[in-house]
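Coordinate analysis (summary)
Here's the letter readout for the chains.
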Amino acid sequence: MEHSQLNTLYLEHFQFRFDPFDDRKGKFQFFQAKRRTVLEQLVYFARYGRFVLAVTGPEAAGKTVLRHALVAAVKDNVQCLVVSGSQTRDAATFLQHMAKELGCAQSDSMSVLAAIEQLRAHGRSLYLIVDDAELVSEAVILLTQRIAQSGATAKASVFLFGKPSLQTLLQDVAQKAELEHHVIELESWSAVEVQSYLQMRLEAA
């Protein structure tokens, strides 16, 4: 039996309207669990900061939930670009992905920065969100800083989400080059918070 058929049977058996753990279906619901303040910090830094913002934490710290909440919170004048660090570890691949998403003819840094400038010219800003950021190269980190500082005003905001090893990567880069960044460390959810999160997702489905 194919996976899609098994999934359908699973949904029918539990009388779910959609997969409770698939954020592509249904309306995203933000599980706050000590994260509302952090989300507000992210939005504030995106508006006024011109540096790389890193969110780190161990497994079960709610990084993915917070990342989804950040994407869900964007306004109409913001283009959100999510990049997987596991798939774009080197700078060339990273630029290729950004160029494709931004509609650039060329996949070089100047073309990408020009596309971001065009967004500014039309009153829009960019959220660049990198998931699994601890997997990217140092060159990618420096590139994200260049993007964050590319304009006179903070119209391109960079968010790196990753495991605690991301901090080590940032420190290594900072020792070799000037790197303006800010780190927010998340603690793991408690057993009660995990239970509440699962209950919320199941009830929504």
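As shown above, the structure is provided for reference.
The following paragraphs examine the structure supplied in this document. (Residues numbered from 1 in each chain as written. Predicted model: local features only at pLDDT ≥ 70, side-chain atom pairs only at ≥ 80, totals over all residues. Heavy atoms only, no water.)

Brief notes about the overall build of the chain
To keep things clear, this is the line we draw: A run of DSSP states H or I qualifies as a helix once it reaches four residues; a run of E qualifies as a strand once it reaches two. Both are numbered from the N-terminal end. Think of it in three bands: with a 1.4 Å probe and only protein chains considered, a residue is buried below 20% of the maximum accessible area for its type, exposed above 50%, and partly exposed in between. Whether two residues touch is decided by their heavy atoms; if any such pair falls within 4.5 Å, the residues are in contact. A 1.4 Å probe and the Shrake-Rupley method give the accessible areas. Residues count as covered only by the protein chains that appear here.
Summing up its helical and strand segments, the chain has 8 helices and 5 strands in all. Each helix and strand of the chain, placed in order from N terminus to C terminus, yields the pattern α-α-β-α-β-α-α-β-α-β-α-β-α. When each of the 205 residues of the chain is scored for burial, the buried share is 43%. For the chain, long-range pairs separated by at least 24 residues make up 77% of all intrachain contacts whose partners lie at least 6 apart in sequence. On the chain, roughly 11300 Å² of surface is accessible, and the fraction owed to carbon and sulfur atoms is 50%.

Topic: the packing of helix H5 (residues 109-121) against helix H6 (residues 138-148)
Quick note on the threshold: Fitted lines through C-alpha atoms serve as axes, helices being fitted only where they are in contact, and the angles separating the N-to-C directions of these axes extend from 0 to 180 degrees. Crossing handedness is defined as follows: a turn of the near helix away from the far one that is anticlockwise and smaller than a right angle gives a left-handed crossing, while the clockwise case is right-handed. Each residue is assigned to one class: nonpolar for Ala, Val, Leu, Ile, Met, Phe, Trp, Tyr, Cys and Pro, charged for Asp, Glu, Lys and Arg, and polar for all the others, Gly among them.
Two elements in contact, H5 and H6, have axes whose closest approach is 11 Å; the angle formed by their N-to-C orientations is 35 degrees. Note that H5 runs across H6; the crossing there is right-handed. Here Ser109, Met110, Leu113 and Ile116 of H5 lie close against H6, whose contacting residues are Leu143, Arg146 and Ile147. Across the contact of H5 with H6, the residue classes break down as 5 nonpolar, 1 polar and 1 charged.

Nothing here speaks to function; it is all geometry.
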